[in-house]
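# Observations on the three-dimensional arrangement
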Amino acid sequence: MHENGKKIITVGVTGASGALLAQKMLALLDSDPGVERVHLVVTETGLRLFAEELRITSSNPEQLVQRILGRASNKIALVSNKDVGAAIASGSYTVDAMAVIPCSVGTLAKIAAGTCDDLLSRSADVMLKEGRKLVLCVRDTPFSRIHLENMLRAQQAGAVIMPAILSYYHAPKTIDDLVTQYVCRVLAQMDLQQDAMFRWTGSAAAKEAKA
């Protein structure tokens, strides 16, 4: 957290299914008064993900954020995945937390092996080596032994492994309800509590029994 009390966040988007998750996270971060800046890194397959799942394309990278949010943002900055000299590639630049959402098993493998051949994997590597919060929203199923071992290696190195598993105890009525609850749980891991998150306080049946 910086002198003004606000956080700097990195969001990585890969080609695993789940563009809605990335879109919702960016929308919540953009509207969160506790966030100063968001560095957005989208892989080539991540761009394809936005095109195929949300029909969002843009020949001008600077317009991508606006198309994802449906509005302009002064907070979210898109950084090329090829720019390995970007600020977030160095541990001397403080990023409070990073989420890869969705995180493909290919990107997971890079992070678990420390293969820093693009900005996203290098940024994740920096978070681990500096002891900062890194949340990997792995999106695949079923998991092979390779996937599970890579998750274990990344977790042992300090990452939070948070597969894109949706919850139902909050009685969701729409897809957006499902997506919002999951993303809010991810943001809570990054110390960015959201008012939109449902918090379990015990079952109604149990409370009635006590009464």
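None of these values were measured; they are calculated from a predicted model.

The rules behind each value
- Residues numbered from 1 in each chain as written.
- Predicted model: local features only at pLDDT ≥ 70, side-chain atom pairs only at ≥ 80, totals over all residues.
- Heavy atoms only, no water.
- Buried < 20%, exposed > 50% of the residue type's maximum accessible area, 1.4 Å probe, protein only.
- Helix = DSSP H or I, 4+ residues; strand = E, 2+ residues; numbered from the N terminus.
- Pairing = 2+ DSSP bridges.
- Phe/Tyr/Trp six-rings, centres within 6.5 Å; stacked < 30°, edge-to-face > 60°.
- Core = buried A, V, L, I, M, F, W, Y, C linked by side-chain atoms within 4.5 Å.

### A few points about helix α5 (residues 119-129)
Within α5, 9 of the 11 residues are buried, which leaves the element mostly enclosed by the surrounding structure. Residues of α5 that are buried: Leu 119, Leu 120, Ser 121, Ser 123, Ala 124, Asp 125, Val 126, Met 127 and Leu 128. Of the residues flanking the end of α5, it is Gly 131, one or two places downstream, whose phi is positive at about 70°.

### A look at the sheet that holds strand β6 (residues 160-161)
Strand order in the open sheet made by the 6 strands is β3-β2-β1-β4-β5-β6, with parallel pairing throughout. Of all the strands in the sheet, just β3 (76-79) and β6 have a single pairing partner and so form its edges. Two elements, strand β1 (residues 7-13) and strand β4 (residues 97-103), share 4 bridges in a ladder whose sense is parallel. Along β4, the bridge assignment pairs Gly 12 with Val 100.

### Quick look at the packing of aromatic side chains
Each aromatic ring pair is described using two quantities: the centre-to-centre distance and the angle formed by the ring planes. In this structure the tally under the stated criterion is 2 aromatic pairs. Between Tyr 169 and Phe 198 the ring centres are 5.8 Å apart and the planes differ by 55°, which places this aromatic pair in the tilted class. Taken together, the residues span a long stretch of sequence, with Tyr 169 in the loop between β6 and α7 (175-189) and Phe 198 in the loop between α7 and α8 (204-210) at a distance of 29 residues. A ring pair is formed by Tyr 169 and Trp 200, whose centres lie 5.9 Å apart and whose planes are at 85°; its orientation type is edge-to-face. Remark: Trp 200 occurs in the loop between α7 and α8 and Tyr 169 occurs in the loop between β6 and α7; sequence separation between them is 31 residues. Accessibility expressed as a relative area gives 37% for Tyr 169, which makes it partly exposed. Through a chain of ring-to-ring contacts, the aromatic side chains of Tyr 169, Phe 198 and Trp 200 assemble into a single cluster.

### Description of the nonpolar core
One finds Val 11, Met 25, Leu 29, Val 183, Val 186 and Met 190 to be the most contacted residues of the largest nonpolar core, which totals 38 residues. Of all the elements in the fold, those that place two or more residues in this core are β1, α1 (19-31), β2 (35-42), α2 (44-54), α3 (64-69), β4, β5 (133-138) and α7. Counting 24 residues, the second largest nonpolar core, distinct from the first, contains Val 41, Ala 86, Val 138 and Met 151.

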